[in-house]
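# Per-entry structural report
Letter by letter, the chains look like this.
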Amino acid sequence: MRYIEAFRDPAVAAPLRDRLGKLGTALAGKAGGVRIMEVCGSHTMAVARYGLRELLPPNVALISGPGCPVCVTAPGYIDTAIELAGRGATIASFGDMLQVPGSAGSLGEARAGGARVAVCYSPRAALDLAKADPSREVVFLAIGFETTIAPVVSLVDLALRERVVNLSLLVSFKLVPPALRAVLSDPELKIDAFLCPAHVSAIIGTRGYEPVARAYAKPCVIAGFEPLDILYGLCGILAQLAEGRATVENLYARVVREDGNPVARAVMDRFLRPASVRWRGLGVLPDSGLVLRDEFGAFDAEKRFGITVGAGREFPGCLCGDVIKGKCIPTQCPLFAKRCTPMDPVGPCMVSVEGSCAAYYKYERGKQP
Ligand code: SF4
């Protein structure tokens, strides 16, 4: 059996499913059932793809959270990128951002209308674009969570070393723990525990969740993205709830360490400082993001072009904001699979490969909620 298949072995899944059932029975008296939020879009996709929701006890619900970087980027960010393209800059971006709707269109539509929008497969490609034509400004769309922030912001280091002066970053970096606090602070959402993202945890370590678990007395369990990892993680969560515990538990110890990745965090700390930033669905959260430090202001597209990213406008009827914070599931959006499909998406949750609406559309359409 290949290494990866060991984490998809049905013979191992069956006892985990049985354990979930027993733990579900032990928690049957909990009013309103058990509500677990899988924070990360990669978990959302894996849950849908492998049909894991069907293995849950009836009193346990798995709810998608704000862990898809494309989905939580507010429409005003797209508007700003389009505005910069209109001013003659080349916008360099990973491909999935092109389809995300802003207030009045997407970058893909702007490109069809003649704007210079280049798809990059790495941040380095943006640097190469800038070097290829020093007379033209290149703006890289720098979005992401802890997982990708260090390699993306390293672009500034590369530009400094290679003396590239026509490159800047439109920064929308976000941090997971403040989003967890925001979710737990909303009494409507009633989240009992978090299934924490594997790759973010590889950077922030188990320590990154300690303040959240302590302050709100909610289990935070780190699990990998393979089906057995997820089932194992869910067993860990239900066991904690059944025993009345609320700790940070690392069930992805083959990758995640207590102190995460100090090298990546040092890179982040060198170039970035905490700031209050806007999230789709959650609004502006204190110290929930990172922005470039003042000494790197020349690489900050907002400063360079004298432009400020605003909130923008959501498409009328799109419930992405509620989907992101677990207030509803995608099939409860009236536009789901009608006006909004992956071929013609209305909101980012249908665009992103980690989006909840895309996951439901691809794997769980037609199933009972
Ligand atoms: S189905 Fe489309 S419109 Fe509705 S919440 Fe999802 S992305 Fe937004």
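The following refers to the structure shown.

## Comments concerning the overall build of the protein
- The number of helices and strands found in the protein is 16 helices and 11 strands.
- For 369 residues, the compact-globule formula gives about 21 Å, and the C-alpha radius of gyration of the protein, at 21 Å, lands near that figure.
- Every one of the 369 residues in the protein was classed for burial, and the buried ones make up 56%.
- Across the protein, contacts joining residues at least 24 apart in sequence account for 76% of those joining residues at least 6 apart.

## Concerning the sheet that holds strand 7 (residues 193-196)
- One open sheet holds the 5 strands; their spatial order is 2-1-7-8-9, and the pairing between them is parallel. Only two strands of the sheet have a single partner each, and these edge strands are strand 2 (60-67) and strand 9 (248-250). Strand-to-strand twist in this sheet, taken as the mean axis angle between neighbours without regard to direction, amounts to 20 degrees.
- Bridge analysis of strand 1 (residues 34-40) against strand 7 gives 3 bridges, and the strand direction is parallel. When the bridges of strand 7 are listed, Ile 36 appears paired with Ala 193.

## Topic: the site of the ligand
- Close to the ligand lie Cys 318, Leu 319, Cys 320, Cys 333, Leu 335, Phe 336, Cys 340, Val 346, Gly 347, Met 350 and Cys 357.
- When its residues are assigned to classes, the shell around the ligand shows 10 nonpolar, 1 polar and no charged.

## Digging into the packing of aromatic side chains
- By the definition in use, this model includes 4 aromatic pairs.
- Relative to Phe 140, the ring of Phe 94 has its centre 5.5 Å away and its plane inclined at 90 degrees; by these criteria the two rings are edge-to-face. In this pair, Phe 94 is assigned in the loop between strand 3 (90-93) and helix 5 (107-112) and Phe 140 in strand 5 (residues 138-144), connecting sequence segments 46 residues apart.
- In this structure Phe 140 comes out as buried when scored by relative accessible area, which is 0%.
- Residues Phe 336 and Tyr 361 carry aromatic rings whose centres are separated by 6.2 Å and whose planes lie at 65 degrees to one another, so their mutual orientation is edge-to-face. Of the two residues, Phe 336 is situated in the loop between helix 14 (320-324) and helix 15 (348-351) and Tyr 361 in helix 16 (residues 356-364); the sequence distance between them amounts to 25 residues.
- By relative accessible area, which is 8% here, Phe 336 ends up buried.
- Overall, Tyr 361 belongs to the buried group, its relative accessible area being 14%.
- Across the ring face of Phe 7, the terminal group of Arg 254 is positioned such that the distance to the ring centre comes to 3.8 Å.
- Directly above the aromatic system of Tyr 361 lies the positively charged group of Arg 365, at a separation of 3.8 Å from the ring centroid.

## A look at the sheet that holds strand 10 (residues 272-279)
- Pairing within the open sheet is mixed, and its 6 strands lie in the order 4-3-5-6-11-10. Every other strand in the sheet has two partners, leaving strand 4 (117-119) and strand 10 as the edge strands with one partner each. Here the strands of the sheet are splayed against their neighbours by 30 degrees on average, with no regard to which way each runs.
- As paired elements, strand 10 and strand 11 (residues 283-292) share 7 bridges and run antiparallel to each other. Across the sheet, the residue bridging to Val 277 is Leu 285, located in strand 11.
- Most of the contacts of helix 4 (residues 75-86) go to strand 6 (residues 167-174), to which it runs at about 175 degrees, and overall it touches strand 3, strand 5 and strand 6.
- The sheet strands contacting helix 6 (residues 123-132) are strand 3, strand 4, strand 5 and strand 6, and the helix crosses strand 5 at an angle near 170 degrees.

## Side note on the nonpolar core
- Counting 72 residues, the largest nonpolar core has Phe 194 and Tyr 209 as the members making the most contacts within it.
- Residues within four places of Phe 194 in sequence aside, it is in contact with Met 37, Val 39, Leu 180, Val 183, Leu 184, Val 212, Pro 219, Cys 220, Val 221 and Ile 237.
- Counting 30 residues, the second largest nonpolar core, distinct from the first, contains Val 164, Leu 175, Met 268 and Phe 296.

## With respect to the pairing of strand 1
- When you tally the buried positions in strand 1, you get 6 out of 7 residues, the bulk of the element.
- Since strand 1 and strand 2 lie parallel, the crossover through helix 2 (residues 41-49) that links them has a hand, and here it is right-handed.

## Some details on the state of the cysteines
- In total, this model carries 1 disulfide according to the counting rule given.
- The partner cysteine of Cys 68 in its disulfide is Cys 71, sulfur to sulfur 2.4 Å. Its S-S torsion of approximately 70 degrees makes the covalent link between Cys 68 and Cys 71 right-handed.
- On the accessibility criterion, Cys 68 (3% relative accessible area) is buried.
- Taking relative accessible area as the criterion, Cys 71 reaches 3% and is therefore assigned buried.
- In this structure Cys 120 is not part of a disulfide, and its nearest cysteine sulfur, from Cys 68, lies 19 Å away.
- With no disulfide of its own, Cys 235 has Cys 196 as its nearest cysteine by sulfur position, at a separation of 16 Å.

Calculation notes
- Residues numbered from 1 in each chain as written.
- Predicted model: local features only at pLDDT ≥ 70, side-chain atom pairs only at ≥ 80, totals over all residues.
- Heavy atoms only, no water.
- Helix = DSSP H or I, 4+ residues; strand = E, 2+ residues; numbered from the N terminus.
- Rg over C-alpha atoms; globule rule 2.2 N^0.38 Å.
- Buried < 20%, exposed > 50% of the residue type's maximum accessible area, 1.4 Å probe, protein only.
- Contact = heavy atoms within 4.5 Å.
- Pairing = 2+ DSSP bridges.
- Axes fitted to C-alpha atoms, helices over the stretch in contact; angles between N-to-C directions.
- Near = heavy atom within 4 Å.
- Nonpolar A, V, L, I, M, F, W, Y, C, P; charged D, E, K, R; others polar.
- Phe/Tyr/Trp six-rings, centres within 6.5 Å; stacked < 30°, edge-to-face > 60°.
- Lys NZ or Arg CZ within 6 Å of the ring centre and 35° of its normal.
- Core = buried A, V, L, I, M, F, W, Y, C linked by side-chain atoms within 4.5 Å.
- Right-handed = clockwise from strand over helix to strand, strands pointing away.
- Disulfide = S-S within 2.5 Å.

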